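Read off the chains here:
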Amino acid sequence: MGLLHCPLCCFTQNQHHKQTYSHSHDHLHSEPSSTSSSLSSQPSLPSVPSLTSQPSNSSSLSSQPSLPSVPSLTSQLSQQSHHKLLTTISGHSSPIFSLTLNSKFLYSGSSNSEIRRCSNDPFALQTSNTTNNLVSISNRSKSTIKSMVILNDMLFSAHQDHKIRVWKIEGDSNTKQDQKQFKCIATLPTFNDRFSKLLLSKNYVEARRHKKFTWVNHIDAVSCLALSKDGFFLYSASWDRTFKIWRVSDYKCLESVKNAHEDAINAIVVSSDGVVYTGSADKKIKIWKKNEKKKHFLVGTLEKHRSSVNALALNKDGSILYSGACDRSILVWEKRGCSDSGNETMVLVGALRGHSKAILCLVVVDELVCSGSADNSVRIWRRGVGEKNYACLGVLQGHRKPVKCLAMEVDSKSGENGDGDCSSYLVYSGSLDCDIKVWQIKIPLF
């Protein structure tokens, strides 16, 4: 029996300075018992102004530094919002590391390489069997599924064994949609991609302990995936400190940005205009753009977090970036400057505080931000209309272990139930306790 690697990549600053890249993966594989204590001891960011006022009944915030008050309208929003747990989805026998949504289904990936599927219809979830169905499993590798993205009838999964797998829905027209299975149709890098790079020495890069690999290979866990807005390109980032760009049409690796960070890359997001943001265990967020030769180059570095950056999320138009880290804070960055002149910069405008342990995941839909934490909770934040203030609408509690992944969507059926005076959202939270919880958030319209 193998040991289950702990997904929580937080570590103290003293540990960080003692390790080199050749051992950078060791702190990412530390045992949960030692890691959980370090999460609660990470420093917060008292020098960064808070953008929130917290609910008065949140006792866990008593140790937080005093924060500027928020206008009363924001406080009223917090009181008027309503949230409830709709159901708990079981089925996984190992910790859940990734969630992704398409139009009809929620897909979940776990540490034993299983991908499961269930309906995202809240009525069906409440009235039918809440065990999600197994649709695929990688028999060649039982490695953790670190991230998933879906595009039409294809699903891409990132694995701890350094590979990316491409799955396609199988089944004829007579097969019910919820009974169709996934078949693995490719593993990245593909054989053709690897073979074409073998002959020339310039295609090799030196890895730890003087081993060499072709540049199309990730040489450590693939931690996260992202798709370009047009769906033409897949981005992957890894604990090997690189991120790569793949062409979706033929799965060819087009580019690899080596030594993008000084430590493992934990998060990657891509804006609608093609700007790439990467977050790392080196505490930095880096901004990348393409040059005239369609190669990515560094245009900026954001350095305000005090410990490992675990999660990134962008709003729809890419004007606001949210970053979550082991310092228990969610930092809010806003784009300033003129896009026509190329002088745009990301400026730190404040922090969202409330979690008592590391931030592990973030998701944004409309004006709502959801954060999952090692403190076993999910927090719902709302950006004020025309203001920079944020309200904490609720704290979703019920998981027994850290919340590792989130998904969120507009509840399209809420109007059918007589909720026309509210905006309704569905939040899905996946945890190391092997459960997925489905929450409904209702916010009154103005």
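None of these values were measured; they are calculated from a predicted model. (Residues numbered from 1 in each chain as written. Predicted model: local features only at pLDDT ≥ 70, side-chain atom pairs only at ≥ 80, totals over all residues. Heavy atoms only, no water.)

**Some details on the overall build of the protein**
Here's step 1: Along the backbone of the protein there are 5 helices and 31 strands.
Here's step 2: For the protein, with 446 residues in total, the buried portion stands at 57%.
Here's step 3: For the protein, long-range pairs separated by at least 24 residues make up 52% of all intrachain contacts whose partners lie at least 6 apart in sequence.
Here's step 4: Summed over all atoms, the accessible surface of the protein reaches about 19,700 Å², with 49% contributed by carbon and sulfur. (Helix = DSSP H or I, 4+ residues; strand = E, 2+ residues; numbered from the N terminus. Buried < 20%, exposed > 50% of the residue type's maximum accessible area, 1.4 Å probe, protein only. Contact = heavy atoms within 4.5 Å. Areas by Shrake-Rupley, 256 points an atom, 1.4 Å probe, with all protein chains shown as cover.)

**Regarding the pattern of salt bridges**
Here's step 1: Evaluated as defined, the whole model comprises 10 salt bridges.
Here's step 2: Here Asp193 and Lys197 are joined by a salt bridge, their closest N and O atoms 3.1 Å apart.
Here's step 3: Close ionic contact of Asp250 with Arg247 constitutes a salt bridge, the shortest N to O distance being 2.7 Å.
Here's step 4: Several salt bridges share partner residues, and in doing so they unite Glu334, Arg336 and Arg383 into one network. (Salt bridge = Lys/Arg side-chain N within 4 Å of Asp/Glu carboxyl O.)

**Description of the environment of Arg353**
Here's step 1: Looking at the secondary structure, you find Arg353 in the loop between β24 (345-352) and β25 (359-365).
Here's step 2: The spatial distance from the C-alpha of Arg353 to the C-alpha of Asp327 is 10.0 Å, given a sequence separation of 26 residues.

**Notes on the sheet that holds strand β21 (residues 309-314)**
Here's step 1: Taken in spatial order, the 4 strands of this open sheet run β21-β22-β23-β24, and their pairing is antiparallel. Here the strands that pair on one side only, and so sit at the sheet edges, are β21 and β24. Between one strand and the next, the sheet's axes are offset by a mean angle of 25°, whatever the strand orientation. (Pairing = 2+ DSSP bridges. Axes fitted to C-alpha atoms, helices over the stretch in contact; angles between N-to-C directions.)

**Thoughts on the pairing of strand β3 (residues 96-101)**
Here's step 1: Of all 6 residues in β3, 6 are buried, a share of seventy percent or more.
Here's step 2: Pairing of β3 with strand β4 (residues 105-110) involves 5 bridges; the strand directions are antiparallel. Among the inter-strand pairings, Ser98 is bridged to a residue of β4, identified as Gly109.
Here's step 3: As consecutive antiparallel partners, β3 and β4 are separated by 3 residues.

**Brief notes about the sheet that holds strand β15 (residues 243-247)**
Here's step 1: In space, the 4 strands of this open sheet follow the order β13-β14-β15-β16, with antiparallel pairing throughout. Every other strand in the sheet has two partners, leaving β13 (222-227) and β16 (252-257) as the edge strands with one partner each. Across the sheet, the mean angle separating the axes of adjacent strands is 20° when strand polarity is ignored.
Here's step 2: By the bridge criterion, 5 bridges tie β15 to β16 in an arrangement that is antiparallel.

**Description of the packing of aromatic side chains**
Here's step 1: One pass over the full model with this rule turns up 5 aromatic pairs.
Here's step 2: Here the aromatic residues Phe105, Tyr107 and Phe182 are joined through ring pairs into a cluster of three or more.
Here's step 3: Above the face of the Phe105 ring, Arg117 is positioned so that its terminal group lies 5.2 Å from the ring centre.
Here's step 4: Over the aromatic face of Phe233 sits the side chain of Lys290, whose NZ or CZ is 4.7 Å from the ring centroid. (Phe/Tyr/Trp six-rings, centres within 6.5 Å; stacked < 30°, edge-to-face > 60°. Lys NZ or Arg CZ within 6 Å of the ring centre and 35° of its normal.)

**What to know about unusual backbone geometry**
Here's step 1: With an omega of 0°, the peptide bond between Leu188 and Pro189 qualifies as cis.
Here's step 2: Looking at where Pro189 falls in the secondary structure, it is placed in the loop between β10 (181-188) and α5 (191-196).
Here's step 3: At Arg241, a position not held by glycine, the phi torsion is positive, near 80°.
Here's step 4: By the secondary structure assignment, Arg241 is in the loop between β14 (233-238) and β15.
Here's step 5: In this structure, Asp366 is a non-glycine residue whose phi angle is positive, near 55°.

**Remarks on the pairing of strand β29 (residues 403-410)**
Within a regular strand, side chains alternate between the sheet's two faces.
Here's step 1: Counting buried residues in β29 gives 7 out of 8 residues, a clear majority hidden from the surface.
Here's step 2: Where β29 lies against strand β30 (residues 422-431), 7 bridges are found, and the strand directions are antiparallel. Each bridged residue has a counterpart across the sheet, and for Val410 the counterpart in β30 is Tyr425.

**Here's the deal with the confidence of the model for the protein**
Here's step 1: Overall, the prediction assigns the protein a mean pLDDT of 81, with 74% of residues at 70 or greater.
Here's step 2: This stretch, residues 11-41, has a pLDDT under 50; its non-local contacts, to residues over four places away or in other chains, come to 59 contacts.
Here's step 3: Overall, residues 54-79 carries pLDDT values under 50, and its contacts beyond four positions in sequence, including any with other chains, amount to 40 contacts. (pLDDT = per-residue confidence, 0-100.)

**Let's talk about the environment of Thr242**
Here's step 1: On the secondary structure map, Thr242 appears in the loop between β14 and β15.
Here's step 2: Judged by its relative accessible area of 9%, Thr242 is buried.
Here's step 3: Considering only alpha carbons, one finds Thr242 and Thr278, 36 residues apart in sequence, at a separation of 9.9 Å.
Here's step 4: Non-local contacts of Thr242, meaning those with residues more than four positions away in its chain, are made with His218, Ser236, Ala237, Ser256, Val257, Lys258, Asn259 and Ile265.
Here's step 5: Polar side-chain contacts of Thr242 include one of 3.4 Å to the side chain of His218.
Here's step 6: Looking at Thr242, its side chain comes within polar contact range of the side chain of Asp240, at 2.7 Å. (Polar contact = N/O pair within 3.5 Å; in protein donor to acceptor, adjacent residues only side chain to side chain.)

**Some remarks on a nonpolar patch on the surface**
Here's step 1: Together, Phe191, Phe195, Leu198, Leu199 and Leu200 make up an exposed nonpolar region whose accessible area comes to about 590 Å².
Here's step 2: Secondary-structure assignment places Leu200 in the loop between α5 and β11 (204-206).
Here's step 3: In this structure Leu200 comes out as partly exposed when scored by relative accessible area, which is 46%. (Patch = residues over 30% accessible without salt bridge, like charges linked within 9 Å, V, L, I, M, F, W, Y side chains within 5 Å.)

**Notes on the side chain of Ser228**
Here's step 1: Looking at the secondary structure, you find Ser228 in the loop between β13 and β14.
Here's step 2: Separated by 3.3 Å, the side chain of Ser228 and the backbone nitrogen of Phe232 make a polar contact.
Here's step 3: Residue contacts for Ser228: discarding those within four places in its chain leaves Phe233 and Tyr235.

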